[in-house]
Amino acid sequence: MKQKKISISFTEFSGEAELPEDIKNLAIQAKKAADNAYAPYSKFKVGAAVLLANGKIITGNNQENSAYPSGICAERVAIFYANAQYPKVAINAIAIVAFHNNKELNSPVYPCGSCRQVITESQSKQKNPIKLYFIGQKFIHGIDDASHMLPLEFDKESLNS
Ligand code: THU
């Protein structure tokens, strides 16, 4: 028997001014997308902006439903749309931002487990890692490789093991 350890590292930016130029724009697009979220139940509006390798930005927002589980998160709306429109184009980065009662959160918001699963599946289809940026008003967290968000993941190899 032996103990094993997995650790991850991430970057903390003290504000949007510290972000790379293309990610500053990605954060702006994520905020615009959050504005159009349909979140009458939680009042928690999330925006996600996906930067593709061809330079295009695809955005999504959360879409809630009176039958609660029928709703879907912003990240999956954006990623599934990107995959539907540009199935062969890699994803370089994703920015995520959230507003509660129309106020931007101070701290970064991180994707739920289902979205992590979908993000890592997208990454596994391409060569380059997907960078993630969680935008909070006071600080921002960045991760250089989406798989760090989901250690010990269930993936296509799991189906054959
Ligand atoms: N939500 C997202 O869209 N993305 C996340 O990363 C976390 C949660 C949505 C789902 C639901 O509409 C609302 O936020 C509250 O959970």
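Refer to the preceding data block for the structure.
Analysis parameters
- Along each chain, the written sequence defines residue order, and numbers are assigned to residues from 1.
- At least 70 in pLDDT is required for a residue's local features to be given in this predicted model, at least 80 for side-chain atom pairs to be given and counted, and no such filter applies to totals for whole chains, interfaces and linings, which use all residues.
- Think of the side-chain values as coming from all heavy atoms in the structure, minus any hydrogens and water.
- Strands are runs of DSSP state E lasting at least two residues, helices are runs of H or I lasting at least four, and both sets are numbered from the N terminus onward.
- Given a helix with a known number of residues, its expected span is that number minus one, times 1.5 Å.
- Relative accessible area decides the class of each residue, using a 1.4 Å probe on protein chains only: under 20% of the type maximum gives buried, over 50% gives exposed, and in between gives partly exposed.
- Whether two residues are in contact is decided by their heavy atoms: any pair within 4.5 Å suffices.
- We define a nonpolar core as any set of buried Ala, Val, Leu, Ile, Met, Phe, Trp, Tyr and Cys residues linked to one another through side-chain atoms lying within 4.5 Å.
- Proximity is defined per residue: any heavy atom of the residue falling within 4 Å of a molecule or strand makes that residue near it.
- Polar contacts, as used here, are pairs of N or O atoms within 3.5 Å; protein pairs need one atom able to donate a hydrogen and one able to accept it. Residues neighboring in sequence count only if both atoms are side-chain atoms.
- A 1.4 Å probe and the Shrake-Rupley method give the accessible areas. Residues count as covered only by the protein chains that appear here.
- Three categories are distinguished: nonpolar for Ala, Val, Leu, Ile, Met, Phe, Trp, Tyr, Cys and Pro, charged for Asp, Glu, Lys and Arg, and polar for the others, with Gly belonging to the last.

*Asks:* Give a description of helix α2 (residues 74-85) that names residues and reports values.
*Replies:* For α2, built from 12 residues, the straight-helix expectation of 16 Å at 1.5 Å per residue is met to within 8% by its first-to-last C-alpha distance of 17 Å. Those residues of α2 that fall on the buried side of the exposure criterion are Ala-74, Glu-75, Arg-76, Ala-78, Ile-79, Ala-82 and Asn-83. Structurally, α2 contributes buried residues whose contacts are with β2 (44-52), β3 (57-61), β4 (91-100) and α3 (113-124).

*Asks:* With reference to specific residues and values, describe the nonpolar core.
*Replies:* Val-50, Ile-94 and Leu-132 are the most contacted members of the largest nonpolar core, which has 22 residues in total. Secondary-structure elements contributing two or more residues to this core are β2, α2, β4, α3 and β6 (131-135). With near-sequence residues (within four places) excluded, Ile-94 lies in contact with Leu-26, Ala-49, Val-50, Ile-79, Ile-119, Ile-130, Lys-131, Leu-132 and Tyr-133. Among the nonpolar cores identified, the runner-up in size contains 16 residues, and Phe-13, Leu-19, Ala-27 and Tyr-133 belong to it.

*Asks:* So what's going on with the site of the ligand? Residues and values would help.
*Replies:* Ser-42, Phe-44, Val-46, Asn-62, Glu-64, Cys-73, Ala-74, Glu-75, Tyr-110, Pro-111 and Cys-112 make up every residue found near the ligand. Between the ligand and Asn-62 there is a distance of 3.0 Å, counted from an oxygen atom to a side-chain nitrogen or oxygen. Contact with the protein chains covers 75% of the free accessible surface of the ligand, which is 370 Å². Secondary structure elements with two or more residues in the shell around the ligand: β2 and α2. In the shell around the ligand, the residues fall into seven nonpolar, two polar and two charged.

*Asks:* Residues and numbers for α3, please.
*Replies:* The terminal C-alpha atoms of α3, which comprises 12 residues, lie 17 Å apart, in line with the 16 Å expected from a rise of 1.5 Å per residue. For α3, the secondary structure elements touched by its buried residues are α2, β4 and β6.

*Asks:* Please provide a residue-by-residue account of the side chain of Gln-126, values included.
*Replies:* Assignment of secondary structure puts Gln-126 in the loop between α3 and β6. Relative accessible area serves as the criterion here: at 15%, Gln-126 is assigned to the buried category. Each residue touching Gln-126, except ones within four places of it in the same chain, is listed here: Ala-90 and Ile-91.

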